[in-house]
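Spelled out from the first residue to the last, the chains are:
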Amino acid sequence: MERFTNSRLFVWLVYLILGLIAIYLLLLIKPLLLNVYVFLRAVLAPFIIAMIISYVLNPIVSMLHERKVPRTIAVLLIYAVFCAAITVLLVNLIPMFIEQVQEFNRHVPELSMRAQNIVSDINNTSFLPESFRGGINKSLLTMEKKVSESLLGFINNIGSMLNAVFIGFIIPFLAFYILKDFDVFERTVITYVPKSHRKNTVRLLKDIDSALGSYIRGQFLVCLIVGVLAYLGYLIIGMPYALLLAGIVAITNVIPYMGPFFGAAPALLIASTVSLKMVLLVAIVNTACQILEGNVISPQVVGRTLHLHPLLIIFALLVGGELAGVVGMILAVPIFAACKVIVQHMFAYYVRRKII
């Protein structure tokens, strides 16, 4: 018996039992944990977004500061340039965007009629099984119900929208103060670390910055390039609402692997009301954009700095989507990469101590 209790199998069994007990206790307090999570997400979300923005812009501020520009003035200059660029873009893009939205609204009845004709043709096609046609009709009714529920939820959540607008308004102020005192925060964090661990902590932070820096900054540029390519492709094939649909492609491209499917779905849906040829052309444009993005643009702009296996990335996306929806999917990969660096450093430190 003593031989069994001293064996590695016994130790692993004890750990397994303790783990199962911990999972059971967590399930018992799940409602409490969910309430705490909702509260922390509401409170910390603007700070996290401001920290991400600050992290992206800090190299530019530091570069200006090295040229004898005070950090406050450097941050204000970046804000001024950003506001000027956004103003120029909006002045040129908003009229075009509004025109396309108005054109889309004018053609909604026509698109709806085309969709109904397509459904009628399917129902009147004799070679399709009755169960298949019934399934299509049931799916359309379910989709119509979900759309109406979404519109009702949108109207009922006006208060939440106002709160989101307020959060969006305070984020630039939070980012300003973080950028202004970024180096102060770094020194403060280091002072709280014991002297014997400061060297390893600085190395850890530099490795995290190396893993995430080019990824986060380059990802914005990649999304912009993919959006422009999609817009040009939609213009070439004569796709209606090219700017609107290309903007969706650019925004969703920030989600690895799954983003291109989300971005292409609205374009394929609208193309299906035009013709089968347009659906094929839209699919070709999106496929070409993603081939260029995966083989040319991302390797050149972002590089392969994360060194994460695709299976790990998909796992991170699933966890992030379950915890925080689309925002969680966007943040999942960089957070997972940072955790990977931390685990590697902890493992290296443990091995080094064991050898010593």
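For clarity, every value in this text was computed on a predicted model and none was experimentally measured.

## Description of the overall build of the chain
The helix and strand tally for the chain stands at twelve helices and zero strands. Along its sequence from the N terminus, the chain presents helices and strands in the succession α-α-α-α-α-α-α-α-α-α-α-α. Of all 356 residues assigned to the chain, the portion counted as buried reaches 25%. Taking all contacts inside the chain whose residues are at least 6 apart in sequence as the whole, residues at least 24 apart take part in 68%.

## Observations regarding unusual backbone geometry
A positive phi angle is found at K68, which is not glycine, with a value near 70°. One can find K68 in the loop between helix 3 (30-66) and helix 4 (71-124). The class for K68 is exposed, based on a relative accessible area of 76%.

## Let's talk about the pattern of salt bridges
Scanning the entire structure with this criterion turns up one salt bridge. The partner of D181 in a salt bridge is K180, with the nearest N and O atoms 3.4 Å apart.

## With respect to the environment of Y55
Residue position: Y55 is located in helix 3. Y55 sits 120 residues away from A175 along the chain, and the two C-alpha atoms are 9.2 Å apart. Those residues within four positions of Y55 in sequence are excluded, and the remaining contacts are I208, D209, L212, G213, I216 and R217.

## Focus: the environment of T287
With respect to the secondary-structure elements, T287 resides in helix 11 (residues 276-301). When the C-alpha atoms of T287 and A264 are compared, they prove to be 9.2 Å apart, with 23 residues separating the residues in sequence. Separated by 2.7 Å, the side chain of T287 and the backbone oxygen of A283 make a polar contact.

## What about the nonpolar core?
Within the largest apolar cluster, 19 residues are counted, with the highest numbers of intra-cluster contacts made by A230, Y234, I237, M239, L245, M278 and V282. Formed by 18 residues, the second largest nonpolar core is a distinct cluster that contains L204, Y215, V333 and V341.

## Description of the packing of helix 9 (residues 242-252) against helix 10 (residues 259-272)
Put simply, helix 9 and helix 10 touch, their axes get as near as 7 Å, and they point 165° apart. As judged from the angle between their axes, helix 9 and helix 10 are roughly antiparallel. The handedness of the crossing between helix 9 and helix 10 comes out as right-handed. Between helix 9 and helix 10, the residues in contact are L245, I248, V249 and T252 and G259, F262, G263, P266, A267 and I270, respectively. Across the contact of helix 9 with helix 10, the residue classes tally to seven nonpolar, three polar and no charged.

## Quick word on the environment of L331
In this structure, L331 sits in helix 12 (residues 310-355). When the C-alpha atoms of L331 and I255 are compared, they prove to be 8.6 Å apart, with 76 residues separating the residues in sequence.

## A closer look at helix 3
At L44, helix 3 is bent by approximately 45°, the largest bend along its length, and proline P46 sits one to four residues beyond. Taken residue by residue, helix 3 has P46, A50, S54, Y55, V56, L57, N58 and V61 as its buried positions. Looking at the residues trailing helix 3, positive phi occurs at K68, about 70°.

## As for the confidence of the model for the chain
Atomic detail in the predicted coordinates should be set aside for any region of low pLDDT. Chain-level statistics for the chain give a pLDDT mean of 75 and a share of 71% at 70 or above. Averaged pLDDT values for the elements of the chain fall to 58 in helix 1 (residues 2-5) and rise to 84 in helix 9.

## Digging into the packing of aromatic side chains
Using the criterion set out here, one finds three aromatic pairs in the structure. Clustering of aromatic rings is evident, with ring pairs tying together Y79, F176 and Y177.

## Notes on the packing of helix 2 (residues 8-28) against helix 3
Packing of helix 2 against helix 3 leaves a shortest axis separation of 5 Å and a crossing angle of 70°. By the angle between their directions, the pair helix 2 and helix 3 is classed as roughly perpendicular. Two secondary-structure elements touch here, helix 2 through L26, L27 and L28 and helix 3 through K30, P31 and L33. Broken down by class, the residue content of the contact of helix 2 with helix 3 amounts to five nonpolar, no polar and one charged.

## Regarding the side chain of N58
Relative to the elements of secondary structure, N58 occurs in helix 3. Separated by 2.9 Å, the side chains of N58 and R71 make a polar contact.

Criteria and cut-off values
- Residues numbered from 1 in each chain as written.
- Predicted model: local features only at pLDDT ≥ 70, side-chain atom pairs only at ≥ 80, totals over all residues.
- Heavy atoms only, no water.
- Helix = DSSP H or I, 4+ residues; strand = E, 2+ residues; numbered from the N terminus.
- Buried < 20%, exposed > 50% of the residue type's maximum accessible area, 1.4 Å probe, protein only.
- Contact = heavy atoms within 4.5 Å.
- Salt bridge = Lys/Arg side-chain N within 4 Å of Asp/Glu carboxyl O.
- Polar contact = N/O pair within 3.5 Å; in protein donor to acceptor, adjacent residues only side chain to side chain.
- Core = buried A, V, L, I, M, F, W, Y, C linked by side-chain atoms within 4.5 Å.
- Axes fitted to C-alpha atoms, helices over the stretch in contact; angles between N-to-C directions.
- Parallel < 35°, antiparallel > 145°, perpendicular 65-115°, else oblique.
- Left-handed = near helix turned anticlockwise from the far one by under 90°.
- Nonpolar A, V, L, I, M, F, W, Y, C, P; charged D, E, K, R; others polar.
- Bend = angle between axes of the 7 residues up to and from the residue.
- pLDDT = per-residue confidence, 0-100.
- Phe/Tyr/Trp six-rings, centres within 6.5 Å; stacked < 30°, edge-to-face > 60°.

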